[in-house]
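As a plain string of letters, each chain reads:
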Amino acid sequence: MTTIVVIEDEAPIADAVAARLRSEGFVVEIAGDGPSGVELVERTQPDLVVLDLMLPGFDGLEVCRRIQRERPVPVLMLTARDSETDVLVGLAVGADDYLAKPFSPRELVARIRTILRRVERAQAGAAGTAVLRIGDVEADPATRRVLRAGEAVHLTPIEFDLLAVLGAKPGVVLTREQLLHEVWGYRDANGARTVDSHIRSLRQKLGADLIRTVHGVGYAVEG
Ligand code: CA
């Protein structure tokens with residue numbers, strides 16, 4: 001059974017989302033504010049969290065930071081405003097994807113299935129994969145632990161997958177479209193800024209020189 005926690009303070013939206021997800025076969029738990037959402041995630045250890053950005057208590061960004069601290073969990077963020085800043089900050093604190101309100105239930109389910117497929121693929125691919133070494137960075141796909149010069153660094157699930165995809169082909173330039181397809185499972189190219197935002201946060205965590213920008217083409221790690 002796949003469990004999804006929905007953290008949303010507008011009860012009609014939370015109930016509609018939960019009903020749709022239950023009809024798709026998911027087990028769904030609901031929380032209506034930041035603190036109880038964090039508590040619910042810790043207690044139920046869900047496979048995915050649907051997280052509203054504007055919440056009482058503390059907001060979705062803080063919820064995202066807190067739930068990612070213990071264990072990487074995929075997050076689909078809901079934003080009321082289609083504000084670029086909110087989206088970029090959300091992605092930087094570890095959300096996998098976002099959906100601006102109002103959204104269609106069908107779109108929500110499609111996004112959730114895409115994220116779950118990506119996580120499943122990443123887990124399957126990790127079995128028996130060697131530790132990646134890129135400069136002073138070591139990433140172990142089996143445990144998803146990352147060390148930089150021997151010091152542990154926390155990466156969000158999507159940051160780890162992005163690093164693993166680039167690190168598997170040192171010296172090869174991957175386009176944003178290829179990265180969207182391989183890391184996020186998207187078939188279209190409407191997510192270039194999502195890729196850029198995650199590359200930026202990988203550089204912040206692991207060093208500016210780790211990933212090379214090839215202007216007009218894409219990204220590569222040094223071979
Ligand atoms: Ca709200």
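The following paragraphs examine the structure supplied in this document. (Residues numbered from 1 in each chain as written. Predicted model: local features only at pLDDT ≥ 70, side-chain atom pairs only at ≥ 80, totals over all residues. Heavy atoms only, no water.)

## Overview of the overall build of the protein
Broken down by element type, the protein carries 8 helices and 12 strands. Taking 17 Å as the expected radius of gyration for a compact globule of 223 residues, we find that the protein reaches 17 Å, a close match to that expectation. C-alpha extents for the protein along the principal axes are approximately 50 × 35 × 30 Å. Sequence-distant contacts in the protein: of pairs separated by 6 or more residues, those separated by 24 or more amount to 58%. (Helix = DSSP H or I, 4+ residues; strand = E, 2+ residues; numbered from the N terminus. Rg over C-alpha atoms; globule rule 2.2 N^0.38 Å. Contact = heavy atoms within 4.5 Å.)

## Observations regarding the side chain of Thr3
Along the chain, Thr3 falls in strand 1 (residues 3-7). Its relative accessible area of 16% is what places Thr3 among the buried residues. The contacts of Thr3, once residues within four sequence positions are left out, are Val27, Pro46, Asp47 and Leu48. (Buried < 20%, exposed > 50% of the residue type's maximum accessible area, 1.4 Å probe, protein only.)

## Quick notes on the coordination of the calcium ion
Octahedral metals with six donors have ideal donor angles of 90 or 180 degrees. Tetrahedral metals with four donors have an ideal donor angle of 109.5 degrees. Protein-derived coordination of the calcium ion comes from Asp9 (OD), Asp52 (OD) and Met54 (O), at a distance range of 2.1 to 2.3 Å. Along the chain, the residues donating to the calcium ion fall in the pattern D-x42-D-x1-M. On the basis of relative accessibility, which here comes to 45%, the residue Met54 falls in the partly exposed class. (Donors = N, O, S within 2.8 Å, 3.2 Å for Na, K, Ca; no water.)

## With respect to the sheet that holds strand 7 (residues 137-140)
Strand order in the open sheet formed by 4 strands is 6-7-8-9, and the pairing between neighbours is antiparallel. The open sheet has two free edges, formed respectively by strand 6 (132-134) and strand 9 (151-153), since each of these has just one partner strand. Neighbour-to-neighbour, the strand axes of this sheet turn through a mean angle of 25°, independent of strand direction. Sheet analysis places strand 6 next to strand 7, joined by 3 bridges and oriented antiparallel. (Pairing = 2+ DSSP bridges. Axes fitted to C-alpha atoms, helices over the stretch in contact; angles between N-to-C directions.)

## Concerning the pattern of salt bridges
A side chain with one charge may pair with a side chain of the opposite charge, provided their charged atoms come close. Under the criterion given, the structure shown has 18 salt bridges. Glu62 is the salt-bridge partner of Arg65, the closest N and O atoms lying 3.0 Å from each other. With Arg65 and Glu62 both in helix 3 (residues 60-70), this residue pair falls 3 residues apart, about one helical turn. As a salt-bridge pair, Arg118 and Asp96 come within 2.3 Å of each other at their nearest N and O atoms. With a gap of 22 residues between them, Arg118 in helix 5 (residues 105-126) and Asp96 in the loop between helix 4 (84-92) and strand 5 (97-100) connect regions that are remote in the sequence. Summarising the burial analysis for this pair, Arg118 and Asp96 share the class buried. (Salt bridge = Lys/Arg side-chain N within 4 Å of Asp/Glu carboxyl O.)

## Regarding the nonpolar core
Counting residues in each nonpolar core, the largest one holds 27 residues, and the members touching the most others are Leu163, Leu166 and Leu206. Listing elements by their share of this core, those giving two or more residues are strand 6, strand 7, helix 6 (157-167), helix 7 (176-184), helix 8 (192-206) and strand 12 (218-221). Counting residues in hydrophobic clusters, the runner-up holds 21 residues, among them Val38, Leu40, Val73 and Val93. (Core = buried A, V, L, I, M, F, W, Y, C linked by side-chain atoms within 4.5 Å.)

## Some words on the layout of surface pockets
One number sums up the size of the largest pocket: a volume of about 430 Å³. If you trace the largest pocket, you find 19 residues lining it, with Asp47, Pro74, Val119, Glu120 and Gln123 closest to the centre. Sorting the residues of the lining of the largest pocket by element identifies helix 5 and helix 6 as the ones contributing at least two each. In terms of residue count, the dominant contributor to the lining of the largest pocket is helix 5 (8 residues). Class assignment of the residues belonging to the lining of the largest pocket gives a composition of 9 nonpolar, 2 polar and 8 charged. (1 Å grid on protein atoms, 1.4 Å probe; cavity = no way out; pocket = protein on both sides within 12 Å on 5 of 7 lines; lining within 4 Å. Points joined across faces, edges and corners; volume = space filled by probe spheres on them. Nonpolar A, V, L, I, M, F, W, Y, C, P; charged D, E, K, R; others polar.)

## Considerations on the sheet that holds strand 11 (residues 211-214)
Strands in a sheet are paired, the pairing made by backbone hydrogen bonds, and the direction either parallel or antiparallel. Taken in spatial order, the 3 strands make up an open sheet running 10-12-11, and their pairing is antiparallel. The open sheet has two free edges, formed respectively by strand 10 (174-175) and strand 11, since each of these has just one partner strand. In the sheet, strand 11 pairs with strand 12 via 4 bridges, with the strands oriented antiparallel. Bridging from a neighbouring strand, Thr213 pairs with Tyr219 of strand 12. Helix 6 contacts strand 10, strand 11 and strand 12 of the sheet and is inclined by roughly 75° relative to strand 12.

## A closer look at the pairing of strand 4 (residues 75-79)
Along a regular strand, successive side chains alternate from one face of the sheet to the other. Of all 5 residues in strand 4, 5 are buried, a share of seventy percent or more. Side chains of strand 4 alternate between two faces, with Val75, Met77 and Thr79 and Leu76 and Leu78 buried alike. Two elements, strand 4 and strand 5, share 4 bridges in a ladder whose sense is parallel. If you follow Met77 over to strand 5, its bridge partner there is Tyr98.

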